Amino acid sequence: MKLKSGPVYTAVLLLTMLILSSEAIICYQCDSGTNSDCSDPFGSVPMETCRGASCFKMWIRYKDTLVTTRYCDGRELTDDHCGYSSKSGAEVVACGCSDNFCNDAKESGPTVVLLGLMAVLSVCVTA
């Protein structure tokens, strides 16, 4: 069988490659406020999933409560990163990543540092 070539076939091939490369990734989706298996350590119980351009894992501490949330987002990330925010007594650490199921229980160096910062700040604020 002879393969045809030409501009139409080249365009179809490039379009197919573009579509396949922009497929959404699969992330865990849960909230420890409504599902305790979402907390760390992350349980082996099957979790709901979602599709997006990136996955996020967020820790929210308000007073004595820590809630872990995992979700998908439509934003594409250039690299994996974490950020910290504090407002009205609530502290938030959010980490974004761009691989399938990357918002699982793994804690990277920046995440551990940010969670430690949250703990220190909560002690200083309550003292």
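Residues numbered from 1 in each chain as written. Predicted model: local features only at pLDDT ≥ 70, side-chain atom pairs only at ≥ 80, totals over all residues. Heavy atoms only, no water.

1. Considerations on the overall build of the protein chain
Part 1 of the reasoning: The helix and strand inventory of the protein chain stands at two helices and seven strands.
Part 2 of the reasoning: When the helices and strands of the protein chain are placed in sequence order, the string is α-β-β-β-β-β-β-β-α.
Part 3 of the reasoning: Counting only residues that meet the buried cut, the protein chain has 29% of its 127 residues in that class.
Part 4 of the reasoning: A separation threshold of at least 6 residues defines the contact pool for the protein chain, and within that pool the share at least 24 residues apart is 57%. (Helix = DSSP H or I, 4+ residues; strand = E, 2+ residues; numbered from the N terminus. Buried < 20%, exposed > 50% of the residue type's maximum accessible area, 1.4 Å probe, protein only. Contact = heavy atoms within 4.5 Å.)

2. Observations concerning the confidence of the model for the protein chain
Part 1 of the reasoning: Here the protein chain shows a mean pLDDT of 75. Residues at 70 or above account for 63%.
Part 2 of the reasoning: Note on residues 109-115: pLDDT under 50 across the span, and eleven contacts to partners over four residues away in sequence or across chains.
Part 3 of the reasoning: Across residues 118-125, confidence stays below pLDDT 50; counting only partners more than four residues off in sequence or on other chains, it has ten contacts. (pLDDT = per-residue confidence, 0-100.)

3. Concerning the sheet that holds strand S6 (residues 81-87)
Part 1 of the reasoning: Ordered in space as S2-S5-S4-S7-S6, the five strands form an open sheet in which the pairing is antiparallel. Pairing within the sheet leaves two strands with one partner each, and these edge strands are strand S2 (30-31) and S6.
Part 2 of the reasoning: When strand S4 (residues 54-62) meets strand S5 (residues 65-73), the two strands line up antiparallel, connected through nine bridges. Among the inter-strand pairings, methionine 58 is bridged to a residue of S5, identified as threonine 69. (Pairing = 2+ DSSP bridges.)

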